[in-house]
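Fold and geometry: a report
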Amino acid sequence: MNQVKIIEMNKVSTIYEGEKTPSLLGISLYVNQGEFVCIIGPNGAGKTTLLETLNGLLPHTEGQIRIMGQDIRERGIFLRKKIGYVPQEFTVDSLSPFLVKDIVLMGRYGQIGLLKNISRNDHLLVDNSLKVMGIEELKYRPIGKLSGGQLQKVMIARVWAKKPTILFLDEPFSNLDYHTTYKVARKISSFHEENHLTTLMVMHDLNSLPERCNRIIHLEEGKIVKDDIPEKVLTEDLLETAAR
Amino acid sequence: MSILTILPLKTIIITLLGTCLAGAVCSLIGAFIVRMKLTSLGFCMSHAAFAGSALGLALSLPPLWFALGFSILVAFILGPLTDKSRLQPEVILGILFSLTMALGLTFLNFIPDSAMSSTAMSILWGSILGITSIDVLRLSVLTFTVILIIILFFKEFHAIMFNRKMAEASGISTKPFYYLILFLTGITVAFSIKLVGGLLIFALIVNPASSAYQFFYDFKKILIFSPLFGILFSLGGIVLSFLLDFPVGSSIAIISSIGFGISVMLSPKRKKG
């Protein structure tokens, strides 16, 4: 089968301003269209940095990143319109003047483009995303009044409304109980299955690995230590270390 | 009330129009400044405009253009400095605040005739009678422009007000819009300084917007009610100024602070249950 490389990272390093040690060190990585890749590793391994470097929110200091064949440095704004990003443990102040429907609709703002009006279709996509995530009743609720789990679902609905080509999820289960984690993991798997959506997901809890995940990248100290199918990466040693 | 009987009707109309426009445009900009937690920007811009006006007067040149130049300079310094340095905007504003205040007071000493002439005092505290029809025209154009910009780029501002990083992640180039808010704040402060005065104009930027934030969870409603509160508080300030012969800037600051206090007490956001 002819596979299209949708993400290409070539010897990429990222150093945070003022730091001396790079958070990512010479990473080379290729992801094919439609792959479901999980990124694992201990705290501080560079998992979030990897996602934010890939979508250009963090500038890389060395190497080259190409998304859909285009350089992220030159075409960052355009490419981020195609990438859905759910950040890790997103928080909102309780008096924040935004409703859930606004936050989900904002996911589409980049797609709609400058000086263009929000259409009926955009509102329909918002309604559909809220329905898919099972949170229609939250539509008119202030965003600051939600629980951590509800907020997490809103952030996933937001990227779903965006209809992205690539999906980046940073620990999407961090605020969810076991039951909700299972339901959301199923939902993410079905997004991937139905839309052939290239998905990169940072994970902490290896027990909630989505069934569609067909590749795991193990990061440590800003370097890839293993990159293979789940059966080969998830060794007994690794699972024991993660359980500790 | 005696001052009202002395003033010609045209002057009263111009004053009231100018007051409403300054109240509306300052509070509209304030809705963004308060949400961005940049209330110190209001202080800083107003003192920069004050320093600029004082320099203009010291050089016997039009104070408005110097006020405009100084406020815009603060916007141009703050934006890139916040983005490029690892300093919080509040830290940079704190330093600029003391610098602009020091410059303003220094320039006041160089104003010809008397250091505390009536013109200098009006820059500090505002003046009802200082407003001309040209000022009203300028404020009208500014208010219309600000409203137009907000309508045209509502999506972008809306997303940035929620979270700048998430707006960037959704494919919006946030930097030009962030700088645009700073730039518009500079112009708004410079055009309104004549009415409210350099020392207290930030009260008109911060207080009505902060009051509107007490009532609504919808940013669109805040953009509508913030200027309405701004007009209400400014008119209240003008009435107080007329009645008790207080400086107009002080009167507006007093009324808008009382308005904010009442808003906090009535705020549905703070009610339990």
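Source: prediction; values computed, not measured. (Residues numbered from 1 in each chain as written. Chains lettered and ligands numbered in written order. Predicted model: local features only at pLDDT ≥ 70, side-chain atom pairs only at ≥ 80, totals over all residues.)

**Some thoughts on the packing of helix α4 (residues 120–132) of chain A against helix α5 (residues 148–162) of chain A**
Residues and elements named next belong to chain A. Relative to each other, α4 and α5 sit at 135°, their axes nearing to 8 Å. Judged by the inter-axis angle, α4 sits oblique to α5. Viewed along their axes, α4 and α5 form a crossing whose handedness is right-handed. Listed contacts from α5 to L125, V126, S129, L130 and V132 of α4 are A157, W160 and A161. For the contact of α4 with α5, the residue count by class is seven nonpolar, one polar and no charged. (Axes fitted to C-alpha atoms, helices over the stretch in contact; angles between N-to-C directions. Helix = DSSP H or I, 4+ residues; strand = E, 2+ residues; numbered from the N terminus. Parallel < 35°, antiparallel > 145°, perpendicular 65-115°, else oblique. Left-handed = near helix turned anticlockwise from the far one by under 90°. Contact = placed C-beta atoms within 7 Å. Nonpolar A, V, L, I, M, F, W, Y, C, P; charged D, E, K, R; others polar.)

**Remarks on the pairing of strand β10 (residues 223–228) of chain A**
All names here are of chain A. As judged from the five bridges shared by strand β9 (residues 215–220) and β10, these two strands associate in the antiparallel manner. Residue pairing across strands places L219 opposite I224, the latter belonging to β10. The turn joining β9 and β10, which pair antiparallel and follow one another in sequence, is formed by two residues; a positive phi near 50° is taken by E221. (Pairing = 2+ DSSP bridges.)

**Section: helix α12 (residues 219–244) of chain B**
Between its first and last C-alpha atoms α12(B) spans 36 Å; for 26 residues at 1.5 Å apiece the expected length is 38 Å, and the two agree. Once α12(B) ends, the next one or two residues include D245(B), with phi positive near 60°. (Expected span 1.5 Å × (residues − 1).)

**A short note on the interface of chain B and chain A**
Each partner contributes residues to the interface: chain B has 20 residues there, and chain A has 22 residues. Those elements that place two or more of their residues in the side of chain B that touches chain A are α8 (154–162), α9 (164–169) and α12 of chain B. Grouping the constituent residues of the side of chain B that touches chain A by class yields ten nonpolar, four polar and six charged.

**Points about the sheet that holds strand β2 (residues 24–32) of chain A**
Residue and element names in this part refer to chain A. Taking strand neighbours across the sheet as the criterion, the four strands line up as β2-β1-β4-β5 in an open arrangement whose pairing is antiparallel. Since the sheet does not close on itself, it has two edges, and those belong to β2 and β5 (70–71), each with one partner. Two elements, strand β1 (residues 5–14) and β2, share six bridges in a ladder whose sense is antiparallel. By the bridge assignment, T14 is partnered in β2 with L24. Where helix α1 (residues 47–54) meets the sheet, its contacts fall on β1, β2 and β4 (62–67), and the angle it forms with β1 comes to roughly 120°.

**Points about the confidence of the model for chain B**
Residue and element names in this part refer to chain B. Here chain B shows a mean pLDDT of 88. Residues at 70 or above account for 95%. Ranking the helices and strands of chain B by mean pLDDT puts α8 first, with 97, and helix α1 (residues 2–6) last, with 64. Our summary of model confidence lists the complex with pTM equal to 0.93 and ipTM equal to 0.94. (pLDDT = per-residue confidence, 0-100.)

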